[in-house]
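Here are the chains, one letter per residue:
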Amino acid sequence: MKFILRSTVLLCSILLFACGGKEEKKEGFSVERSKSTEVSSETPAATNEVPASQRITLDEKGVGPIKEITLDPEINQAMAAEGEAIFKSNCTACHKLDKRFIGPSPRGIMERRSPEWIMNMILDPQLMVEQDRCAKDLLVEFNGAAMANQNLTVEQTRAILEYFRTL
């Protein structure tokens, strides 16, 4: 019995010493890195640009079926209410009114984009991302999260636009 106990202790000790305390030497090259405090005088152009979500492009109409739209000076409250309901049921999974989420907040969109651009983006976001510079930049800014096509009609899209006018 003592022999088995001593053998087990000896074996465990040998394994313990064999596994620990050994320093490995790696052959090959090594890289020593130090923190650089030097600031480059060249800054990438992208860092100086205004983010696409804040860029003002009121003169661009986007790509799609909406070429020209005239908005009445007065907001159509019934249409805005319908647009709010459509927005809440189709868009709030990705868009929040008061903060950036998966997609940009629609608050203030009417001051940054033309009504035609907004409607074209809602009607066919894939076409817009393929052919419109601002839509492409938004896709990059929002980490490649493409806007889903909700297959809305022109009338539903117009109602959402009227709702955006109330924000």
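None of these values were measured; they are calculated from a predicted model.

Asks: Can you break down the environment of D98 residue by residue, with the values?
Replies: When you line up the elements, D98 lands in the loop between α3 (77-90) and α4 (109-112). The class of D98 is exposed, set by a relative accessible area of 65%. Beyond its immediate sequence surroundings of up to four residues, D98 is in contact with S105 and R107. At 2.8 Å, the side chain of D98 forms a polar contact with the side chain of R107.

Asks: Tell me what's going on with the layout of surface pockets, and back it up with residues and numbers.
Replies: Approximately 610 Å³ is the volume attributed to the largest pocket. H95, G103, P104, M121 and M147 are, among the 33 residues lining the largest pocket, the residues nearest its centre. Mapped onto the lining of the largest pocket, the elements with two or more residues apiece are α3, α4, α5 (115-123), α7 (133-141) and α8 (154-166). It is α5 that contributes the most residues to the lining of the largest pocket, four residues altogether.

Asks: Let's hear about the pattern of salt bridges: which residues, and what values?
Replies: A side chain with one charge may pair with a side chain of the opposite charge, provided their charged atoms come close. Per the stated rule, a full pass over the model turns up nine salt bridges. Its salt-bridge partner being K61, residue E116 comes within 3.5 Å of it at the nearest N-O pair. You can see E116 sitting in helix α5 and its partner K61 sitting in the loop between α2 (45-48) and α3, a full 55 residues away along the chain. By relative accessible area, which is 4% here, E116 ends up buried. When its relative accessible area of 32% is taken as the criterion, K61 is described as partly exposed. Linked through salt bridges whose partners overlap, the residues forming this network are R55, R133 and D137.

Asks: Break down α7 for me, citing the residues and quoting the values.
Replies: Looking only at α7, the buried set comprises C134, A135, D137, L138 and E141. Down the axis of α7, the smallest arc covering the buried residues is 160°, so these residues share one side. Along α7, the residues that are exposed and aim more than 90 degrees away from the buried face are R133 and V140. Taken together, the buried residues of α7 touch α5 and α6 (125-131).

Asks: Can you tell me about the packing of α5 against α8, naming the residues and giving the values?
Replies: For the pair α5 and α8, the least separation of the axes is 10 Å and the interaxial angle reads 130°. Taken as axis vectors, α5 and α8 run oblique relative to one another. Considering the relative orientation of α5 and α8, their crossing is right-handed. Contacts between α5 and α8 pair P115, I118, M119, I122 and L123 from the former with V154, T157, R158, I160, L161 and F164 from the latter. Broken down by class, the residue content of the contact of α5 with α8 amounts to nine nonpolar, one polar and one charged.

Asks: Which residues make up the side chain of T157, and what values go with them?
Replies: Within the secondary structure, T157 is located in helix α8. Taking relative accessible area as the criterion, T157 reaches 0% and is therefore assigned buried. Setting aside anything within four residues of it in sequence, one finds T157 in contact with M119, I122, L123 and L152.

Asks: Mind laying out the confidence of the model for the chain, listing which residues take part and the relevant values?
Replies: Looking at the chain, pLDDT values average 81 and 77% of them are 70 or higher. Confidence over residues 36-47 falls short of pLDDT 50; this stretch has one contact with residues more than four positions distant or in other chains.

Asks: Could you give me a rundown of the packing of aromatic side chains, with the residues and numbers involved?
Replies: Taken as a whole and judged by the stated rule, the model has three aromatic pairs. Look at F87 and F164: their rings are 5.7 Å apart centre to centre, the planes differ by 80°, and that puts the pair in the edge-to-face class. Taken together, the positions of F87 in helix α3 and F164 in helix α8 put the pair 77 residues apart, joining distant regions of the chain. By relative accessible area, F87 is classed as buried at 2%. The buried category is assigned to F164, whose relative accessible area is 8%. In this structure, R100 packs its charged tip against the face of F142, placed 4.1 Å from the ring centre. A cation over a ring is seen here: R113 above W117, with NZ or CZ 5.2 Å from the ring centre.

Conventions and cut-offs
- Residues numbered from 1 in each chain as written.
- Predicted model: local features only at pLDDT ≥ 70, side-chain atom pairs only at ≥ 80, totals over all residues.
- Heavy atoms only, no water.
- Helix = DSSP H or I, 4+ residues; strand = E, 2+ residues; numbered from the N terminus.
- Buried < 20%, exposed > 50% of the residue type's maximum accessible area, 1.4 Å probe, protein only.
- Contact = heavy atoms within 4.5 Å.
- Polar contact = N/O pair within 3.5 Å; in protein donor to acceptor, adjacent residues only side chain to side chain.
- 1 Å grid on protein atoms, 1.4 Å probe; cavity = no way out; pocket = protein on both sides within 12 Å on 5 of 7 lines; lining within 4 Å.
- Points joined across faces, edges and corners; volume = space filled by probe spheres on them.
- Salt bridge = Lys/Arg side-chain N within 4 Å of Asp/Glu carboxyl O.
- Arc of directions from axis to C-beta.
- Axes fitted to C-alpha atoms, helices over the stretch in contact; angles between N-to-C directions.
- Parallel < 35°, antiparallel > 145°, perpendicular 65-115°, else oblique.
- Left-handed = near helix turned anticlockwise from the far one by under 90°.
- Nonpolar A, V, L, I, M, F, W, Y, C, P; charged D, E, K, R; others polar.
- pLDDT = per-residue confidence, 0-100.
- Phe/Tyr/Trp six-rings, centres within 6.5 Å; stacked < 30°, edge-to-face > 60°.
- Lys NZ or Arg CZ within 6 Å of the ring centre and 35° of its normal.

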